[in-house]
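Coordinates in review
The residues making up each chain are set out below.
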Amino acid sequence: TMLAHAVEPIPDIMQTRPETDPAVARVVRQGMSKQPANRYQTAKQIAVDFRSALEGKPLQFQNEENAGATKQIPSQDYKERAAAHAAQQAAAAPAERREGLPLPVILGIIGAVAAVIIVVMVVANPFAQASVAEEPTVEPTEEPVSEEEPTDEPAVEVEDTHEPEPTDEPTEEPTAVPSAAVGGGGDFVAFHSNETGNFDIYIVSLDGTEQRRLTEDVANDTTPTWSPDGERIAFVSRRSGNLDIYVVEVDSGAITQLTDDPGGDFDPAWSPDGERIAFVSARDGNNEIYVMDADGDNQERLTTNIVSDLSPSWSPDGSQLAITSYQAGNGDIFIINAQTGTIRDQITEDNREDLTPAWSPDGQYIAFASNRDNDWDIYLYEVETGELTNLTDNTAYDANPAWSPDGEWITFASGEAYQVEQGIARIRVDGSEQEIMTFVTSAFFAEFPVWQPTPAD
């Protein structure tokens, strides 16, 4: 309700709706700010920034609080590529194209946000700011298509037969740009991009000379994650009507649907042995951690919290999962048993958001994104000592960390890259040699980079 919005913390639209364009999400967040000085001051400012977001141009009226505050998830697709990262609503609608939106649609969006701002101005006063936990709520936007309980039926082979919606402009793939020789192991980086109007899964060689589009559908395909053998990629899509998890074969392009539940399934993470996939589902009314066999069988719930649990990341030995949980009212990083779901440790505790953990290949570190310093940066937690390091430490929006196979590098989505070319950044674990890996040049977004594993001999 409007009153609930006024008295509760602002949810992160990128967590509740993973397919939302990050630029649009930043406009919405600023429009819903509870601090009058941080909101848009006029309807004209809202209109200008909305149009800029939809056209892929820099926003003109972003304040310091919101310039990097919106994460990229979604989900899950930083996890539809950063957190929140508050909870993701599984029934998120596909994002619209930035280009070519009819004027009535743009005006409708502007009007809706303006209405929220008016209510916030009236209701959100110091006496109405009740002390409440920032617990994400899950309110599916679609009626379930079936009342049946999910079953462990075999995975269904799905032919990718959808034809892209016709557009007035050519749908060229992102243009690969050669970069300097890149170390780190593996041959490719997977990511999602909306170069053609909706998000699809791409892979690109580390030197930028070879690039392929792996999926092509009118629905958004987001948040890729590699199998340990480097031959398959799990991703999230609404192509069946639900937000579900699919797998694409890198060589053949064959696609298999693993989950089919109206509640919504997202945030897939492959176990180190390749036998299981952890994921998030709202099928029981709340975002919880589940696991299933790599073929989609034996889907089981691990966590049973009354708050949202998101973004699972396996420890190298497969015995534990690092997750983001909202048990303290904001996103913190927890370690849980991968077999039972019981909590083993809480490794971060801050009144801001710590999101999308990523365990290093040697198990010594957990990388995550946080806005604890008022902008989004990549942090490194040393498991043995508990030492915390801000790796990126800049004013740009940095999110969605993922490790190179040799554990020497972390790749991530960078706001700095968005201001230059549509690239993805990398940084050494010691904080040196931070640079933009100019995989693609585009007016759109390339997010959720994940490094191809190097299979064990």
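For the structure, see preceding data.
So, here's what we can say about the structure. (Residues numbered from 1 in each chain as written. Predicted model: local features only at pLDDT ≥ 70, side-chain atom pairs only at ≥ 80, totals over all residues. Heavy atoms only, no water.)

What follows covers the overall build of the chain. Check the secondary structure of the chain and you find 6 helices and 27 strands. Counting every position in the chain, which comprises 457 residues, the buried fraction comes to 57%. With an accessible surface of roughly 18600 Å², the chain has 49% of that area assigned to carbon and sulfur atoms. (Helix = DSSP H or I, 4+ residues; strand = E, 2+ residues; numbered from the N terminus. Buried < 20%, exposed > 50% of the residue type's maximum accessible area, 1.4 Å probe, protein only. Areas by Shrake-Rupley, 256 points an atom, 1.4 Å probe, with all protein chains shown as cover.)

Attention now moves to the sheet that holds strand β11 (residues 276–281). With respect to topology, 4 strands assemble into an open sheet ordered β10-β11-β12-β13, the strand pairing being antiparallel. Either end of the sheet is taken by a strand with one partner, and the two such strands are β10 (265–270) and β13 (300–301). Here β11 runs beside strand β12 (residues 288–293); their pairing, made up of 6 bridges, is antiparallel. Paired with I277 across the strands is M292, a residue of β12. (Pairing = 2+ DSSP bridges.)

It is worth spelling out the packing of aromatic side chains at this point. Scanning the model with the defined rule gives 5 aromatic pairs in all. A ring pair is formed by F191 and Y202, whose centres lie 5.6 Å apart and whose planes are at 10 degrees; its orientation type is stacked. Linking F191 in strand β3 (residues 188–193) with Y202 in strand β4 (residues 200–205), this pair joins segments that are 11 residues apart in sequence. Its relative accessible area of 0% is what places F191 among the buried residues. Look at Y202 and you get buried, because its relative accessible area is 0%. Taking 5.8 Å as the distance between ring centres and 15 degrees as the angle between the ring planes, the aromatic pair formed by F368 and Y379 counts as stacked. Residue F368 is located in strand β19 (residues 365–370), and its partner Y379 is located in strand β20 (residues 377–382); the two are separated by 11 residues in the primary sequence. Taken individually, F368 and Y379 each receive the classification buried, so the pair is uniform in this respect. For R372, the ring lying beneath its charged end belongs to Y379, and the centroid distance is 5.6 Å. For R426, the ring lying beneath its charged end belongs to W409, and the centroid distance is 3.4 Å. (Phe/Tyr/Trp six-rings, centres within 6.5 Å; stacked < 30°, edge-to-face > 60°. Lys NZ or Arg CZ within 6 Å of the ring centre and 35° of its normal.)

In this section: the pairing of β19. Sheet faces and side chains relate simply in a regular strand, where the side chains alternate between the two faces. Along β19, 5 of the 6 residues are buried, which leaves the element largely enclosed by surrounding structure. In terms of strand pairing, strand β18 (residues 354–359) meets β19 through 4 bridges, oriented antiparallel. For A358, the partnering residue across the bridge sits in β19 and is A367. What sits between β18 and β19 in their antiparallel hairpin is a turn of 5 residues, with G363 showing a positive phi close to 80 degrees. Counting the residues that bridge the hairpin from β19 to β20 gives 6 residues, and of these N374 lies at a positive phi of roughly 75 degrees.

For the rest of this paragraph, the subject is the pairing of β10. Burial runs high along β10: 6 of the 6 residues are buried. With 4 bridges connecting them, β10 and β11 associate as antiparallel partners. What sits directly across from F266, in β11, is V280. If you look at the hairpin formed by β10 and β11, you'll find 5 residues sitting between the two strands, and G274 has a positive phi there, around 80 degrees.

We now examine the pattern of salt bridges. Per the stated rule, a full pass over the model turns up 12 salt bridges. Between D350 and R372 there is a salt bridge, with its nearest N and O atoms 3.9 Å apart. Placement of D350 in the loop between β17 (343–346) and β18 and of R372 in the loop between β19 and β20 is noted, with a sequence separation of 22 residues between them. The exposure class of D350 is partly exposed, given its relative accessible area of 21%. (Salt bridge = Lys/Arg side-chain N within 4 Å of Asp/Glu carboxyl O.)

This part takes up unusual backbone geometry. Glycine aside, the phi torsion of most residues is negative, and most peptide linkages are trans. Notably, S311 is not glycine yet its phi reads approximately 55 degrees, a positive angle. Structurally, S311 can be placed in strand β14 (residues 309–314). Positive phi, close to 45 degrees, is recorded for T356, a residue that is not glycine. Take T356: it is sitting in strand β18.

If you walk across this open sheet you meet the 4 strands as β5-β4-β3-β27, and the pairing is antiparallel. The sheet terminates laterally at β5 (211–213) and β27 (446–451), the two strands that pair on one side only. The average undirected angle you get between the axes of adjacent strands in this sheet is 25 degrees. (Axes fitted to C-alpha atoms, helices over the stretch in contact; angles between N-to-C directions.)

What follows deals with the nonpolar core. Core analysis: the largest hydrophobic core is formed by 44 residues, its most contacted members being W314, L321, L380, W403 and I410. Leave out the neighbours within four places in its chain, and L321 touches A278, I289, L302, P312, S313, W314, F334, I335, I336, A338 and W359. Counting 14 residues, the second largest nonpolar core, distinct from the first, contains I201, W226, F235 and V250. (Core = buried A, V, L, I, M, F, W, Y, C linked by side-chain atoms within 4.5 Å. Contact = heavy atoms within 4.5 Å.)

This brings us to the environment of L243. With respect to the element layout, L243 can be found in the loop between β7 (232–237) and β8 (244–249). Assessed through its relative accessible area of 2%, L243 is described here as buried. Each C-alpha atom, one on L243 and one on N220, is 9.7 Å from the other, the two residues being 23 residues apart in sequence.

Interpretation in functional terms is not warranted from these geometric data alone.
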